[in-house]
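# Coordinate analysis (summary)
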Amino acid sequence: MWLSTFSLTLGFCAWFLVPSLAPRLNEIGFSLTHSQLYWLVAMVGLSAGTLRILWTFLPPILGTRILVTLSTGLLLIPFFCWVYAVQHPDTPYWMLIIFALLSGIGGGTFSGLMASTNYFFPKHARGLALGIQGGLSDFGTGLVQFVTPLVIGFSAFAFLGGGQVAHLADGKTVTYWLQNASWVWIPLVAIITILSWLFLRSVPVSGNIKQEWTIFDNKHTWFMTLFYYGDICDVRRSRCAVRLAGQPYLCRY
């Protein structure tokens with residue numbers, strides 16, 4: 001449970017990396033319109049929601065060991081993509097969209113790893129296990145937004161890339177190291193990936209993919225989806241409004 005929980009926490013960090021970087025992109029040399037910034041942030045959520053459908057079916061196919069290892073290792077892709085992007089302001093917009101879609105992997109893995117946890121616990125213990133896993137992993141959404149402003153302001157990883165000179169609205173200039181927002185998580189992702197492969201095991205479980213598709217015929221599936229959708233929109237809007245004061249175009253949900 002702990003390895004998969006740490007994996008999910010890092011996944012949520014990758015998921016919310018783009019919203020934490022988006023307000024700074026134009027300051028360091030990008031020329032993105034309000035609409036383009038909005039879609040850049042929106043693509044992450046759309047990708048994560050879609051990938052959660054895919055990851056729901058993976059636990060019985062891959063098994064816990066491969067699933068957690070693969071899910072964690074895949075997080076390196078969006079982190080390295082954004083290390084590259086913030087150091088190259090000439091990166092085309094279509095490529096930024098792809099990088100944003102890849103960041104959605106962090107949110108998509110949630111459905112698979114949560115389902116996988118069920119295999120290891122009897123019914124009387126599943127609620128606590130899933131509560132701990134879901135609660136602590138969601139901590140990653142706030143963690144990345146708390147850590148990002150702290151790490152982009154100093155050259156802790158200067159040997160891995162130079163800083164970006166940001167031109168602020170008041171005419172002042174400041175140097176950021178936006179790639180630090182990714183670099184700070186990459187070693188942790190590598191460690192959890194290795195530990196997952198070495199120490200996790202898979203419980204033999206057989207899955208019937210055709211049978212699982214019956215959830216789409218259940219009205220409760222759609223009711224719960226609508227409730228969750230409303231909750232996510234409200235939480236994202238609140239966080240966005242607080243963080244991006246003066247840039248309300250990123251908060252139109």
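Sequence order sets the numbering: in each chain, residues are counted from 1 along the sequence as written. Residue-level local features of this predicted model are given only where pLDDT is at least 70; pairs of side-chain atoms are given and counted only at 80 or more, and the full residue set underlies all totals for whole chains, interfaces and linings. Where side-chain values are given, they derive from all heavy atoms of the structure, hydrogens and water being excluded.

Attention now moves to the overall build of the protein. Along its length, the protein carries 13 helices and two strands. Across the 253 residues that make up the protein, the buried fraction comes to 44%. Carbon and sulfur atoms provide 69% of the accessible area of the protein, an area that totals close to 12900 Å². By the criteria applied, helices consist of DSSP H or I runs no shorter than four residues and strands consist of E runs no shorter than two, each listed in order from the N terminus. Under the scheme applied here, a residue whose accessible area is under 20% of the maximum for its type counts as buried, over 50% as exposed, and between as partly exposed, the area being computed with a 1.4 Å probe on protein chains only. Residue exposure ignores everything except the shown protein chains as possible cover, and the areas themselves are Shrake-Rupley values with a 1.4 Å probe.

Moving on: the side chain of serine 196. Locating serine 196 in the fold gives a position in helix H11 (residues 186-199). Note on definitions: a residue-residue contact is assigned when non-hydrogen atoms from the two residues lie within 4.5 Å. Aside from chain neighbours lying at most four places away, what touches serine 196 is Leu3, Arg65, Val68 and Thr69.

Judged by which residues are buried, strand E1 (residues 164-167) turns out to be one-sided: Gln164 and Ala166 face inward and are buried, whereas Val165 and His167, on the alternate face, are not. Pairing of E1 with strand E2 (residues 173-176), which is carried by four bridges, proceeds in the antiparallel orientation. Considered in E2, the bridge of glutamine 164 is made with tyrosine 176. Hairpin connection, E1 to E2: the antiparallel pair is bridged by five residues, and glycine 171 has positive phi, about 90°. Strands qualify as paired when DSSP identifies two bridges or more between them.

Quick look at the environment of valine 44 now. With respect to the secondary-structure elements, valine 44 resides in helix H3 (residues 34-56). On the basis of relative accessible area, valine 44 is assigned to the buried category, the value being 0%. When the C-alpha positions of valine 44 and leucine 17 are compared, they lie 9.3 Å apart, and in sequence the two are 27 residues distant. Beyond its immediate stretch of four places on either side in the chain, valine 44 contacts Trp15, Val18, Ala100, Ser103 and Gly104.

Pairing of aromatic rings covers Phe, Tyr and Trp, the last counted by its six-membered ring, and requires centre-to-centre distances within 6.5 Å; plane angles under 30 degrees mean stacked, over 60 mean edge-to-face, and any other angle means tilted. Overall, the coordinates contain eight aromatic pairs when judged by the stated rule. Between the aromatic rings of tryptophan 15 and phenylalanine 16, the centroid separation amounts to 5.1 Å while the plane-to-plane angle is 65°, which identifies the pairing as edge-to-face. Using a relative accessible area of 6% as the deciding quantity, one classes tryptophan 15 as buried. By way of ring pairs, the aromatic residues Phe12, Trp15, Phe16 and Phe110 are connected into one cluster. Counted as over-ring charges are cases with an Arg CZ or a Lys NZ within 6 Å of the ring centre that also lie within 35 degrees of the ring normal. The aromatic ring of tryptophan 197 is capped on one face by arginine 65, whose charged end is 3.7 Å from the ring centroid.

This part covers the side chain of serine 4. Inspection of the secondary structure assignment puts serine 4 in helix H1 (residues 2-15). Among the residues examined, serine 4 registers a relative accessible area of 8% and is labelled buried. Excluding residues that lie within four positions of it along the chain, serine 4 makes contacts with Val68, Leu113, Thr117 and Gln133.

Two packed helices can be described by the angle between their axes and the distance between those axes. To obtain an axis, a line is fitted to C-alpha atoms, over the contacting stretch when the element is a helix, and the angle between two such axes runs from 0 to 180 degrees between their N-to-C directions. Here H3 crosses helix H7 (residues 93-103) at 30°, and the two axes come no closer than 7 Å. Considering their axes alone, H3 and H7 lie roughly parallel with respect to each other. For the pair H3 and H7, the crossing hand works out as right-handed. For the pair H3 and H7, contact is made by Gln36, Trp39, Leu40, Met43, Val44 and Ser47 and by Tyr93, Leu96, Ile97, Ala100, Leu101 and Ser103, respectively. Basically, the charged four are Asp, Glu, Lys and Arg, the nonpolar ten are Ala, Val, Leu, Ile, Met, Phe, Trp, Tyr, Cys and Pro, and anything else, Gly included, counts as polar. Across the contact of H3 with H7, the residue classes tally to nine nonpolar, three polar and no charged. By the definition adopted for this analysis, an angle is roughly parallel if under 35 degrees, roughly antiparallel if over 145, roughly perpendicular if from 65 to 115, and oblique otherwise. It is the rotation of the near helix from the far one that decides the hand of a crossing: anticlockwise by less than a right angle makes it left-handed, clockwise makes it right-handed.

Attention now goes to a nonpolar patch on the surface. Together, Ile66, Leu70, Ile194, Trp197, Leu198 and Phe199 make up an exposed nonpolar region whose accessible area comes to about 630 Å². Counting residues per element, the ones that place at least two in the nonpolar patch are helix H5 (64-74) and H11. When residues of the nonpolar patch are assigned to their parent elements, the largest contribution, four residues, is made by H11. With respect to the helices and strands, isoleucine 66 occurs in helix H5. Using a relative accessible area of 40% as the deciding quantity, one classes isoleucine 66 as partly exposed. In this analysis, a patch consists of residues with relative accessible area above 30% that form no salt bridge, clustered at 9 Å for like charges and at 5 Å for the nonpolar side chains Val, Leu, Ile, Met, Phe, Trp and Tyr. Here, a salt bridge means any Lys or Arg side-chain nitrogen found within 4 Å of an Asp or Glu carboxyl oxygen.

Here serine 71 shows up in helix H5. For the pair serine 71 and isoleucine 105, spaced 34 residues apart in the sequence, the C-alpha separation amounts to 8.0 Å. Contacts described as polar in this section are N or O atom pairs within 3.5 Å, which, within protein, must combine one atom able to donate a hydrogen with one able to accept it, while residues neighboring in sequence count only if both atoms come from side chains. A polar contact of 2.9 Å, which involves the side chain of serine 71, links it to the side chain of tryptophan 55.

Per the counting criterion, the structure on display carries one salt bridge. Of the charged contacts, one joins glutamate 27 and arginine 24 as a salt bridge, the two residues approaching to 3.5 Å between their closest N and O atoms.

What follows is about helix H8 (residues 105-117). Expected helix span is given by 1.5 Å per residue-to-residue step, counting one fewer step than there are residues. When the terminal C-alpha atoms of H8 are compared, their 19 Å separation across 13 residues agrees well with the 18 Å that a helix rising 1.5 Å per residue should span. The axis of H8 is deflected most strongly, by about 25°, at serine 111. Within H8, the full set of buried residues consists of Ile105, Gly106, Gly107, Gly108, Thr109, Phe110, Ser111, Gly112, Leu113, Met114, Ser116 and Thr117. Looking at the buried side of H8, the elements it contacts are H1, H3, helix H4 (59-62), H5, H7 and helix H9 (123-151). Take the seven residues that end at a residue and the seven that start at it, fit an axis to each, and the angle between those axes is the bend at that residue.

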